[in-house]
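Structure at a glance
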Amino acid sequence: MNYWLMKSEPDEASIHDLQRAGTLPWTGVRNYQARNFMRDDMRIGDGVLFYHSSCAEPGIAGLAEVCSAPYPDATQFDPASPYYDAKSKPDAPRWLHVDVRWRETTRLLALTEMRAAPELATMRVLERGSRLSITPVTPEQWQAVLRRLSGA
DNA sequence: GCCAACGTTGGC
DNA sequence: GCCAACGTTGGC
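A brief look at the structure comes next. Small disclaimer: the values here were computed from a predicted structure and weren't measured.

**Observations regarding the overall build of chain A**
The helix and strand inventory of chain A stands at four helices and eight strands. Tracing chain A from N to C terminus, the helices and strands come up as β-α-β-α-β-β-β-β-β-α-β-α. Here the C-alpha radius of gyration of chain A, 15 Å, is about what a compact globule of 152 residues would show, namely 15 Å. In terms of overall dimensions, chain A has C-alpha extents of about 50 × 30 × 30 Å along its principal axes. Partitioning the intrachain contacts of chain A with sequence separation of at least 6 by distance along the chain shows that 73% fall at a separation of at least 24. For chain A, the accessible surface area stands at approximately 8100 Å², while carbon and sulfur atoms represent 51% of it. Between the centroid of the 18 positive side chains of chain A and the centroid of its 19 negative side chains there is a distance of 5 Å.

Spelled out as C-alpha cells, the structure:
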C-alpha cells in the first residue's frame, strides 16, 4: 500500500467534482515522472491526498484512492483536447493514467498550514521548486495529515 | 551528449 | 501578472 499527493486545479476537477462523480480518470498528466509513478508504483487501493493547486486557497481538500490499473489517456489522441499529443501513437501510447475514487471531502488543510507544520516538513510537495503534480507520501506523512485533518 | 532557448507550473 | 524553478526541445 502506497500513498500519494495528487494536484488538481479545482477549476478543472475539484474534490467536489470528484465527490459528485464518484470516480474520475486522472487525465492530462504530461510529465514523465508523474506518469511513471502511475504506471509503475500505483496500486488499486493506494491512498491519495487530493490537493487543490493554482487557486485562491491551495491545499489538501480531501481524500481519495486509486481505483484502476494504469491505462492510456484518451485525451492524447484527441486533436481538440488541450492535452493532445501529436507525437503519441495509438499503438504506443505515451501517456497513461489511473482512475481515482472519492473517499472524503475534508476541511482545507491549507498550504500555509502545511508549511507551518513541523511533522509535514519532509513532504515532497513542500520542497523548494517542487512542481510535480504527483508525489509519493510516506505512511508517517499520511498519518500526520490525517491527524491534522481530524483536529487532534 | 551538450546546452541555450523556450515552455510550464504554481505560489504569491 | 510576476517570476523562480525546472522540464523539454532541438541545433550542433
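From this point on, the discussion continues.
**Some words on the protein's contact with DNA strand B**
What surrounds DNA strand B is the set Lys7, Tyr51, Ser53, Ser54, Pro58, Leu111 and Arg131. Looking at DNA strand B alone, sugar and phosphate atoms form 74% of those within 4 Å of the protein. Tyr51 has a polar side-chain atom sitting 2.9 Å from a phosphate oxygen of DNA strand B. A distance of 2.5 Å separates a base oxygen of DNA strand B from a polar side-chain atom of Arg131. Looking at the surface near DNA strand B, its residues break down into three nonpolar, two polar and two charged.

**What about the pairing of strand 3 (residues 47–52)?**
Burial runs high along strand 3: six of the six residues are buried. Neither face of strand 3 is exposed, since Gly47, Leu49 and Tyr51 on one face and Val48, Phe50 and His52 on the opposite face are all buried. Direction of pairing for strand 1 (residues 3–8) relative to strand 3: parallel, over a ladder of six bridges. Residue pairing in the sheet places Tyr3 in a bridge with Gly47 of strand 3. Summarising the sheet, strand 3 and strand 4 (residues 59–66) pair through six bridges and their orientation is antiparallel. Bridge assignment links Gly47 to a residue of strand 4, and that residue is Glu65. In textbook terms, the turn of a hairpin is the stretch between consecutive antiparallel strands, and for strand 3 and strand 4 this stretch comprises six residues, one of which, Ser54, has a positive phi near 55°.

**Examining the protein's contact with DNA strand C**
Within the structure, DNA strand C sits among Asn31, Tyr32, Lys87, Arg128, Gly129 and Arg131. Near the protein, meaning within 4 Å, the atoms of DNA strand C are sugar or phosphate in a fraction of 75%, with bases accounting for the rest. Taken together, the residues that form the surface near DNA strand C break down as one nonpolar, two polar and three charged.

**Some points on the side chain of Ser8**
Structurally, the position occupied by Ser8 is in strand 1. Taking relative accessible area as the criterion, Ser8 reaches 8% and is therefore assigned buried. Filtering out sequence-adjacent residues up to four positions away, Ser8 remains in contact with Ala13, Trp26, Phe50, Tyr51, His52 and Ser53.

Here is what the cut-offs are and how they apply
- Residues numbered from 1 in each chain as written.
- Chains lettered and ligands numbered in written order.
- Predicted model: local features only at pLDDT ≥ 70, side-chain atom pairs only at ≥ 80, totals over all residues.
- Heavy atoms only, no water.
- Helix = DSSP H or I, 4+ residues; strand = E, 2+ residues; numbered from the N terminus.
- Rg over C-alpha atoms; globule rule 2.2 N^0.38 Å.
- Contact = heavy atoms within 4.5 Å.
- Areas by Shrake-Rupley, 256 points an atom, 1.4 Å probe, with all protein chains shown as cover.
- Lys, Arg positive; Asp, Glu negative; His and termini not counted.
- Charge placed at Lys NZ, Arg CZ, Asp CG, Glu CD.
- Near = heavy atom within 4 Å.
- Polar contact = N/O pair within 3.5 Å; in protein donor to acceptor, adjacent residues only side chain to side chain.
- Nonpolar A, V, L, I, M, F, W, Y, C, P; charged D, E, K, R; others polar.
- Buried < 20%, exposed > 50% of the residue type's maximum accessible area, 1.4 Å probe, protein only.
- Pairing = 2+ DSSP bridges.

Keep in mind these numbers describe shape, not what the thing actually does.
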